[in-house]
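Coordinates in review
In case you want the letters, here they are:
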Amino acid sequence: MKKEQLVFYGIKAPSGHNSQPWKFFTGENYIEIYPDFNFALPVVDPEHRELYISLGCAGENICAAAAFFGYKAEWSLKTNPEGIHFIRIDLEEIATSSSKNIIKLIELRQSNRNYYNGKLIEDEQIEIIRKIPGEKNVNIHFYKKGTPGFNTISAFIQKGNAIQMSDNRFKDELLSWIRFNKKQVEKTRNGLTYKVMGSPSMPKMLGKLIVKSFLKPKKQNKSDLGKINSSSHFILLTTKTNSIAEWLALGFYLERVLLQLTEMGIANAYLNPPCEITTLADDLRKQLPIDNEFPTIIMRIGFVDKKTPYSPRRNIDQVSI
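Residues numbered from 1 in each chain as written. Predicted model: local features only at pLDDT ≥ 70, side-chain atom pairs only at ≥ 80, totals over all residues. Heavy atoms only, no water.

Some words on the pattern of salt bridges
This structure, assessed with the given rule, holds 10 salt bridges. With its nearest N and O atoms 3.5 Å apart, the salt bridge here joins Lys 212 to Asp 172. On the criterion of sequence distance, the pair formed by Lys 212 in helix 8 (residues 204–214) and Asp 172 in helix 6 (residues 168–176) is long-range, its members being 40 residues apart. According to the relative accessible area criterion, Lys 212 is partly exposed, its value standing at 35%. According to the relative accessible area criterion, Asp 172 is partly exposed, its value standing at 41%. Linked by salt bridges that have partners in common, Glu 32, Arg 88 and Asp 90 make up one network. (Salt bridge = Lys/Arg side-chain N within 4 Å of Asp/Glu carboxyl O. Helix = DSSP H or I, 4+ residues; strand = E, 2+ residues; numbered from the N terminus. Buried < 20%, exposed > 50% of the residue type's maximum accessible area, 1.4 Å probe, protein only.)

Structure below.
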């Protein structure tokens, strides 16, 4: 097996706006994952929290794929001479391999931003997710539709939309990551494609004008409320100290959760404004029984009747050092 095969599965990981903010270095018996700040989101993610979470997700994919191909993988947090934090995954060939077809799950995993069908997830299924092996100082919380916690998070999402959709810098950054036609998609191989957004192909300038007209607090909240009410639960992931080490660990754990959801046929989509806006995150810490931990990732989950188009990925040579 070539290490590049593992990188192929690493880049299948999710990232904010599908920005793919990573670089990979493959050694003889290890792989390193570095942040690529050229693909950072300075407005929505000024501390690079979601960026490092994405690196953790990529790392988990590599570790899971390595086990499938008969390798023991152990990850650690490193810092280079420039002070940049990165992930090192050491690989050791072993006699046995994972029997679970994790490769298929990695390729099938996707975010689904559409309306769900309203069916509730059974408690037994939630328990399966809850028992996924975790990471130190990372916790998971579930809020069923109709419960006080679910309603609290929904209200905070609406507050976050009101703030972000009134911020021209936020809207400009979002628009810069939307790919309005096939030519843009093929050129960049990243971003939010017109197919994923459920829009027809159109010229870039026209697309920006049309989409910007919808980026308003009331319109966004109307859309999100409909999608929230079609969902079964919110999942909230928290960290204890809000550190880079914990963001990376959360990414590893998040990807395990996402792959389990994929196996169970449960859809997910992110609704992170309450975590991205510091004042809202501070208030949410006080209002939810989460032991004053830091709200870091919010997802809605539920069932869908059909999948959404997959987001493109850059080629291995474009993300390799």
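Things to note about a nonpolar patch on the surface
Nonpolar side chains collect at one region of the surface, where Leu 206, Ile 210 and Phe 214 lie side by side and expose about 270 Å² of accessible area between them. The topology assignment puts Leu 206 in helix 8. (Patch = residues over 30% accessible without salt bridge, like charges linked within 9 Å, V, L, I, M, F, W, Y side chains within 5 Å. Areas by Shrake-Rupley, 256 points an atom, 1.4 Å probe, with all protein chains shown as cover.)

Details of the packing of helix 5 (residues 148–164) against helix 9 (residues 217–229)
Contact geometry of helix 5 with helix 9 gives a least axis separation of 9 Å together with a crossing angle of 155 degrees. As far as their axial angle goes, helix 9 and helix 5 are roughly antiparallel. The crossing of helix 5 and helix 9 is right-handed. Contacts from Phe 150, Ser 154, Ile 157, Gln 158, Asn 161 and Ala 162 of helix 5 reach helix 9 at Pro 217, Gln 220, Asn 221, Asp 224, Leu 225 and Ile 228. In terms of residue class, the contact of helix 5 with helix 9 is built from six nonpolar, five polar and one charged. (Axes fitted to C-alpha atoms, helices over the stretch in contact; angles between N-to-C directions. Parallel < 35°, antiparallel > 145°, perpendicular 65-115°, else oblique. Left-handed = near helix turned anticlockwise from the far one by under 90°. Contact = heavy atoms within 4.5 Å. Nonpolar A, V, L, I, M, F, W, Y, C, P; charged D, E, K, R; others polar.)

Quick word on the environment of Gln 158
Within the fold, Gln 158 resides in helix 5. With 43 residues separating them along the chain, Gln 158 and Ser 201 place their C-alpha atoms 29 Å apart. Sequence-distant contacts of Gln 158, defined by excluding residues within four places in its chain, comprise Asn 221 and Leu 225.

A look at the packing of helix 1 (residues 3–10) against helix 2 (residues 49–68)
Angle between the axes and distance between the axes are the two parameters that describe a pair of packed helices. At a closest axis distance of 8 Å, the pairing of helix 1 and helix 2 adopts a crossing angle of 135 degrees. For the element pair helix 1 / helix 2, the angle class is oblique. Crossing geometry of helix 1 relative to helix 2 is assigned as right-handed. For the pair helix 1 and helix 2, contact is made by Leu 6, Tyr 9 and Gly 10 and by Ala 58, Asn 61, Ile 62, Ala 65 and Ala 66, respectively. For the contact of helix 1 with helix 2, the per-class residue count stands at six nonpolar, two polar and no charged.

Some details on the pairing of strand 2 (residues 30–35)
The element strand 2 is extensively covered by neighbouring structure, given that six of its six residues are classed as buried. Taking every second residue as pointing to the same face, both faces of strand 2 are buried, with Tyr 30, Glu 32 and Tyr 34 on one and Ile 31, Ile 33 and Pro 35 on the other. Hairpin connection, strand 1 (residues 22–26) to strand 2: the antiparallel pair is bridged by three residues. Taken together, the four bridges between strand 2 and strand 4 (residues 85–93) define a ladder with antiparallel strand orientation. Bridging across to strand 4, Ile 31 finds its partner in Ile 89. (Pairing = 2+ DSSP bridges.)

With respect to the layout of surface pockets
Size it by volume and the second largest pocket reaches roughly 350 Å³. Lining the second largest pocket are 21 residues, and of these Arg 49, Cys 275, Glu 276, Ile 277 and Thr 278 lie nearest its centre. Elements represented by at least two residues in the lining of the second largest pocket include exactly helix 5, helix 6, helix 11 (273–276), helix 12 (278–287) and strand 10 (294–302). A class-by-class count of the residues in the lining of the second largest pocket yields 10 nonpolar, three polar and eight charged. (1 Å grid on protein atoms, 1.4 Å probe; cavity = no way out; pocket = protein on both sides within 12 Å on 5 of 7 lines; lining within 4 Å. Points joined across faces, edges and corners; volume = space filled by probe spheres on them.)

Observations regarding the nonpolar core
Trp 22, Phe 24, Ile 33, Ile 129 and Val 257 are the most contacted members of the largest nonpolar core, which totals 56 residues. Ignoring anything within four residues of it in the chain, the contact list for Phe 24 reads Val 7, Gly 10, Ile 11, Ile 31, Glu 32, Ile 33, Ala 58, Ile 62, Val 319, Ser 320 and Ile 321. Listed in part, the 16 residues of the second largest apolar core include Phe 156, Ile 157, Ile 228 and Leu 288. (Core = buried A, V, L, I, M, F, W, Y, C linked by side-chain atoms within 4.5 Å.)

Description of the packing of aromatic side chains
Per the counting criterion, the structure on display carries nine aromatic pairs. Here the aromatic rings of Phe 25 and Tyr 30 are separated by 6.2 Å at their centres, their planes lie at 35 degrees, and the arrangement is tilted. For Phe 25, a relative accessible area of 29% puts it in the partly exposed group. A connected cluster of aromatic rings, assembled from ring pairs, spans Phe 8, Tyr 9, Phe 68 and Phe 69. In this structure, Lys 227 is placed above the aromatic ring of Tyr 115, and the distance from its NZ or CZ to the ring centre is 5.9 Å. (Phe/Tyr/Trp six-rings, centres within 6.5 Å; stacked < 30°, edge-to-face > 60°. Lys NZ or Arg CZ within 6 Å of the ring centre and 35° of its normal.)

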